[in-house]
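Observations on the model geometry
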Amino acid sequence: MSEASAPPGPVGVFGGTFDPVHYGHLRSALELVEHLELQQLRLMPCAVPPHRDIPGCGANHRAAMVELAVAGEPRLACDNRELERRGTSYTIDSLVELRGELGEQCSLCLVMGCDAVLAITTWHRWQELLDWAHVVVIARPGWQFPAEGVVAQWLQAHRLESPEQLSEKPFGGVLIEELRPLAISSTEIRALLAAGRSVRFLLPQAVLDYIESHGLYQ
């Protein structure tokens, strides 16, 4: 996508293993789209995560489930770029690619959880993230910011006060957003499936049908 054709509002990217994708991911994604007035939020499955073991479920299956989950909601999309790159899936590489596609003026927002922010200094080339995008932190109710240290200084130096500021420049800020918590986890879903128990209503039926038809998480 050229700079001239870049969407007029912010574009978000929400990475994760999505092993499998569930309603907790999807509801948070939709609330972010509406709270931040995003043109689109792209769910980006991680092929080879740098901070955890490679999921037992292959990246192609996980991406296919995300595609099914977001079908029919035009504000959400699946971005498969990390499946198409070889080696470890580093977020900075995806942001550089996205910036090249969206152009220099489009506001780009990287969404991450508060736990990820606490470990941000372990990320590959983490100091460069804000050179390419804003960071939007999904905070749990009652979450406390670190009072001192590198992460505290990073948050203080770049903190944005309102979602409207995301559109004022294309990158460089950190916004904290508190969303409705849904106590659903991929770990729990995998455990239930392995035990032969129902996971209905924890994830979209199309995703459950895919899991069953491919014999995943048994």
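Residues numbered from 1 in each chain as written. Predicted model: local features only at pLDDT ≥ 70, side-chain atom pairs only at ≥ 80, totals over all residues. Heavy atoms only, no water.

Once that is clear, we can look at the sheet that holds strand 2 (residues 40-45). Backbone hydrogen bonds hold the strands of a sheet together, and the pairing may be parallel or antiparallel. Spatially, six strands are ordered 3-2-1-4-5-6 in an open sheet, and the strand pairing comes out parallel. Each end of this open sheet is capped by a strand with a single partner; those strands are strand 3 (76-78) and strand 6 (174-178). In this sheet, neighbouring strand axes are inclined to one another by 25 degrees on average, regardless of whether the strands run parallel or antiparallel. Pairing of strand 1 (residues 11-16) with strand 2, which is carried by six bridges, proceeds in the parallel orientation. (Pairing = 2+ DSSP bridges. Helix = DSSP H or I, 4+ residues; strand = E, 2+ residues; numbered from the N terminus. Axes fitted to C-alpha atoms, helices over the stretch in contact; angles between N-to-C directions.)

We now examine the nonpolar core. Membership of the largest hydrophobic core comes to 40 residues, with the highest contact counts inside it found for Val21, Leu41, Leu43 and Met65. For this core, the secondary structure elements donating two or more residues are helix 1 (23-36), strand 2, helix 2 (59-70), strand 3, strand 4 (108-113), strand 5 (134-139), helix 7 (186-194) and helix 8 (205-214). Apart from residues lying up to four places away in sequence, Leu41 is in contact with Gly12, Val13, Phe14, Ala29, Leu32, Val33, Arg75, Leu76, Ala77 and Val111. Listed in part, the 28 residues of the second largest apolar core include Leu98, Val117, Leu129 and Ala139. (Core = buried A, V, L, I, M, F, W, Y, C linked by side-chain atoms within 4.5 Å. Buried < 20%, exposed > 50% of the residue type's maximum accessible area, 1.4 Å probe, protein only. Contact = heavy atoms within 4.5 Å.)

Structurally, the α-helix is built with 3.6 residues per turn, so residues lying three or four positions apart point the same way. In this model, helix 4 (residues 91-102) (12 residues) spans 16 Å end to end at C-alpha, consistent with the 16 Å of a helix rising 1.5 Å per residue. Looking at helix 4, one finds that the buried residues are Thr91, Ile92, Ser94, Leu95, Leu98, Arg99 and Leu102. On an axial view of helix 4, the arc spanned by its buried residues comes to 155 degrees, and they lie on one face. At the C-terminal side of helix 4, Gly103 shows a positive phi close to 95 degrees. (Expected span 1.5 Å × (residues − 1). Arc of directions from axis to C-beta.)

Quick look at helix 8 now. Burial in helix 8 covers these residues: Val207, Leu208, Tyr210 and Ile211. Around the axis of helix 8, the buried residues are gathered within 160 degrees of arc, so they sit on the same side. For helix 8, the exposed residues lying more than 90 degrees away from the buried face are Glu212 and Ser213. The secondary structure elements touched by the buried residues of helix 8 are helix 2 and helix 7. Within two residues after helix 8, Gly215 carries a phi angle of roughly 65 degrees, on the positive side.

Right, let's get into the pattern of salt bridges. Tallying each qualifying case throughout the model produces 13 salt bridges. As a salt-bridge pair, Arg27 and Glu31 come within 3.1 Å of each other at their nearest N and O atoms. Here Glu31 and Arg27 lie together in helix 1, a separation of four residues that amounts to about one turn. Judged by relative accessible area, which is 33%, Arg27 ranks as partly exposed. Residue Glu31 is classed as buried on the basis of its relative accessible area of 5%. (Salt bridge = Lys/Arg side-chain N within 4 Å of Asp/Glu carboxyl O.)

In this section: the packing of aromatic side chains. Counting across every chain of the model gives two aromatic pairs. Centroid distance Phe14 to Phe18: 5.7 Å. Interplanar angle 80 degrees. Geometry classified as edge-to-face. (Phe/Tyr/Trp six-rings, centres within 6.5 Å; stacked < 30°, edge-to-face > 60°.)

Put simply, the protein has an average pLDDT of 93, and 96% of its residues get 70 or more. Under a pLDDT of 50 for its full length, residues 1-7 has, in the predicted model, 16 contacts with residues more than four places off or in other chains. (pLDDT = per-residue confidence, 0-100.)

Attention now moves to the pairing of strand 2. With five of six residues buried, strand 2 lies mostly within the body of the structure. Regarding topology, helix 1 serves as the crossover connection from strand 1 to the parallel strand 2, and that connection is right-handed. Judged from the three bridges that link them, strand 2 and strand 3 form a sheet pairing that is parallel. For Leu41, the partnering residue across the bridge sits in strand 3 and is Leu76. In this fold, the crossover linking strand 2 to strand 3 by way of helix 2 has right-handed handedness. (Right-handed = clockwise from strand over helix to strand, strands pointing away.)

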